[in-house]
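# Coordinate inspection notes
Listed here are the chains, written in short residue letters.
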Amino acid sequence: MCGIVGYVGPKKAAPILLDGLRRLEYRGYDSAGLAVHDGREIEVVRAAGKLENLASALEQRPLGGSTGLGHTRWATHGRPSEQNAHPHAAGDVAVVHNGIIENYLELKHELQASGVRFASDTDTEIVAHLIHRALEQGAPTLFVAMRQALGRVRGAYALAAISRREPDRLVIAKNASPLVVGVGEGETLCGSDIPALLGSTRNMLFLEDGEMAELTAGGVRIETVEGKPVERAPKRIDWSAVQAEKGGYKHFMLKEIFEQPRAVEDTLRGRINLDEGDVVEAELGLDAQAARTIERVVLVACGTSHHASLVGRYWIEQLARVPAHTELASEVRYREPVFGPKDLVVAVSQSGETADTLAAVKAAREGGARVLAIANVLGSAIPRASQGSLYTHAGPEIGVASTKCFTTQLVALLLLAVHLGRRRGTLDAERGREILQAMLELPNEMRWTLARKAEIHQVARHWHNAPHMLFLGRGLGYPIALEGALKLKEISYAHAEGYAAGEMKHGPIALIDENMPVVVVMPRDRQYEKTLSNLQEVRARDGQVIAVVTEGDAEAKKLAQWVLELPKMPELTQPVAAVIPLQLLAYYIADLKGTDVDQPRNLAKTVTVE
Ligand code: F6R
């Protein structure tokens, strides 16, 4: 999510660190900073906003040493600001971090009780204090102190630290967030991503989860967190700078489709209490009393976020037994809608800045409703205008067509439905546990689905010149059909329509002939038999069927010309995996047509106009 770069060697560190951060700029960030050891002290310079702000701050306060750390932050805990920007210092230590510390509140309270004063709202600062405390309590080196700190920390991290006492080295550690070491001539670097290091070296080695390393100008020493030495030779990376930004994928959109299992893991991280079958979420600000007084949930959103809301509506009604409605934000704001204090309005927006959604939030607040935001950008306008928020931790999404933000919105909505259900007494702990367990299995089910990309590519090759495509689904499959159609039209410019399968005979059936490809979303669920009948109706009129089914569905295989499989999984969580074949289908079709996949014509990533 955020960007890390570290340097130790004979040159001045600051320009190299700044160059590394510039190479990571494409990922998006909200603040940045450097910490450099000048031979006597560690100096930290940070700035909110763009790297130019950091560069100007560095002109005012040049940093002289040759060991240092740099960071671009994408906020997850604590709003974007200079104070929350990394590096974070404690005593003799400065730290940068990517990822999420799950048990940060517990650790923060413990440290506060022992007299520690925090200078930021971040989870990262806790790690700096833990390392500092370990040094104070006798840890002989930064490496040992980092190991002791890691013993206390749960979560995802790529960490890099420097210490005033050891000016010639960096210590780094990795768990579930990428970390790369660059081995140059008499200099060693680290980075969260390959592009950060390309200005200095192409010889790189990749740290694995549960490993730490000590970097000096002479090289790198790796150990597992338990202290077992690790031997690993660097590899030569021949990617161009542009290839490296995309992680070797052809487009950001494809990279982001494949990042979804990780994005879902991060969105779930620290939010699930399996023992209680409950969702741990302080930011929501919805206690049992507030949850019980809700008489209606209204989900407001645009585009892809609206499709996520349609799925959310099913979940909220099913699990929390409260009427739930969805509204297109662009419509509701002009309708003189009636909102009241017994309404919970959920504004879903990946950017958190969409003008129509923001206006709907304001209308809801004026009507006295309680408003909760689901957003991917911390501190953006919609969460700021809401009383509570639930952030998706998808990381920056660069492709204009939303993919990982959609699946993490789904995850956030299901967490919300469980949260409401448990507080309203409509969901017992056992069922809550079952659903949360199913959510924990999602990343692997998504990986299973992504691994079938070759079959999806085959369908794309056959149909990439089709001028039209119809997408059908029922129940939870209906919003997924809508999203599949939207993805296709956005990036391939083919005309695509999503329909509730039950509506087919009320109109769209007239379109069906041998030239009409029809994608039917029909995993095994309570609506399966009915959707199968719709598939038969399409086949009876010579329509060409691409069915998205649960693995081993012999019935569908007999009838459909193409079958895209999902793993066997619980009905409730199916939409999160079911959208993947449709995202990939749209992507491959667009790529075969040669459109500008990441920046489709006429579209913007953030729509701040009506
Ligand atoms: C489609 C897409 C858009 C957005 C819509 C709302 O791929 O990304 O339809 O979903 O513009 O944007 P947010 O979610 O930022 O409010």
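Residues numbered from 1 in each chain as written. Predicted model: local features only at pLDDT ≥ 70, side-chain atom pairs only at ≥ 80, totals over all residues. Heavy atoms only, no water.

### Points about the sheet that holds strand β20 (residues 343-349)
Taken together, 5 strands build an open sheet; the order of strands is β19-β18-β20-β21-β22 and the sheet is parallel. Each having just a single partner strand, β19 (324-328) and β22 (388-391) make up the two edges of the open sheet. Each adjacent strand pair in this sheet contributes to an overall mean axis angle of 20 degrees, direction not counted. Judged from the 5 bridges that link them, strand β18 (residues 296-301) and β20 form a sheet pairing that is parallel. Within the sheet, the bridge partner assigned to V298 lies in β20 and is V345. (Pairing = 2+ DSSP bridges. Helix = DSSP H or I, 4+ residues; strand = E, 2+ residues; numbered from the N terminus. Axes fitted to C-alpha atoms, helices over the stretch in contact; angles between N-to-C directions.)

### Brief notes about the packing of helix α1 (residues 13-23) against helix α2 (residues 51-60)
Two numbers describe how α1 lies on α2: the axes approach to 11 Å, and their chain directions differ by 170 degrees. One finds that α1 runs roughly antiparallel with respect to α2. Facing L18, L21 and R22 of α1, the residues of α2 in contact are L51, L54, A55 and L58. Within the contact of α1 with α2, the residues separate by chemical class into 6 nonpolar, no polar and 1 charged. (Parallel < 35°, antiparallel > 145°, perpendicular 65-115°, else oblique. Contact = heavy atoms within 4.5 Å. Nonpolar A, V, L, I, M, F, W, Y, C, P; charged D, E, K, R; others polar.)

### Observations regarding helix α4 (residues 124-136)
Taking 1.5 Å per residue as the helical rise, α4 with its 13 residues ought to reach 18 Å, and the 19 Å between its terminal C-alpha atoms agrees with that figure. Across the 13 residues of α4, 11 count as buried, placing the element largely inside the fold. Buried residues along α4 sit in contact with β5 (88-90), β6 (93-101), α3 (104-113), α5 (142-150) and β7 (155-163). G138, located one to two residues past α4, shows a positive phi value of around 110 degrees. (Expected span 1.5 Å × (residues − 1). Buried < 20%, exposed > 50% of the residue type's maximum accessible area, 1.4 Å probe, protein only.)

### Description of the site of the ligand
Near the ligand lie 14 residues; those nearest to it are S305, S349, Q350, S351 and T354. A distance of 2.7 Å separates an oxygen atom of the ligand from a polar atom in the side chain of S349. Relative to its free-state accessible area of 400 Å², the ligand is covered by the protein chains to the extent of 91%. At the level of elements, α10 (303-320) and α17 (477-492) are the ones that each hand at least two residues to the shell around the ligand. It is α10 that contributes the most residues to the shell around the ligand, 3 residues altogether. Residue composition of the shell around the ligand, grouped by class: 4 nonpolar, 8 polar and 2 charged. (Near = heavy atom within 4 Å. Polar contact = N/O pair within 3.5 Å; in protein donor to acceptor, adjacent residues only side chain to side chain. Areas by Shrake-Rupley, 256 points an atom, 1.4 Å probe, with all protein chains shown as cover.)

### Details of the pairing of strand β23 (residues 468-473)
Most of β23 is tucked away, with 5 of its 6 residues classed as buried. The parallel pair β23 and strand β24 (residues 495-500), bridged by α17, forms a crossover whose chirality is right-handed. Note: β23 against strand β25 (residues 517-521), 4 bridges, orientation parallel. Considered in β25, the bridge of G473 is made with V521. (Right-handed = clockwise from strand over helix to strand, strands pointing away.)

### Observations concerning the nonpolar core
If you look at the biggest cluster of nonpolar residues, it comprises 86 residues, and the most contacted ones within it are V297, W315, I316, V346, L416, L420 and F471. If you tally residues by element for this core, the top one is helix α20 (residues 574-593), at 13 residues. The two domains that each donate at least three residues to this core are domain 2 (252-440) and domain 3 (453-593). Those residues in contact with V297 that sit more than four places away from it in its chain are I316, V322, P323, A324, H325, L344, V346 and L420. A134, L135, A145 and V153 belong to the second largest nonpolar core, which has 30 residues in total. (Core = buried A, V, L, I, M, F, W, Y, C linked by side-chain atoms within 4.5 Å. Domains from an automatic or database assignment.)

### Regarding the environment of H307
As for its position among the elements, H307 is in helix α10. Counting along the chain gives 233 residues from H307 to W74, while the straight-line C-alpha distance between them is 26 Å. The residues contacting H307, other than those within four sequence positions of it, are F406, P479, L482, E483 and L486.

### Side note on the packing of α3 against α4
Helix-helix packing is characterised by the crossing angle of the two axes and by the distance between the axes. Direction vectors running N to C along α3 and α4 enclose 50 degrees, while the axes themselves pass 10 Å from each other. In terms of axis orientation, α3 runs oblique to α4. At the point where α3 passes α4, the crossing takes the left-handed sense. Here Y104, L107, K108, E110 and L111 of α3 lie close against α4, whose contacting residues are I126, H129, L130 and R133. (Left-handed = near helix turned anticlockwise from the far one by under 90°.)

### Overview of the domain arrangement of the chain
You'll often see interface size given as the accessible area lost when the parts meet. Per the domain assignment, the segments making up the chain are domain 1 (3-243), domain 2 (252-440) and domain 3 (453-593). Centre-to-centre separation of domain 1 and domain 3, based on C-alpha positions: 46 Å.

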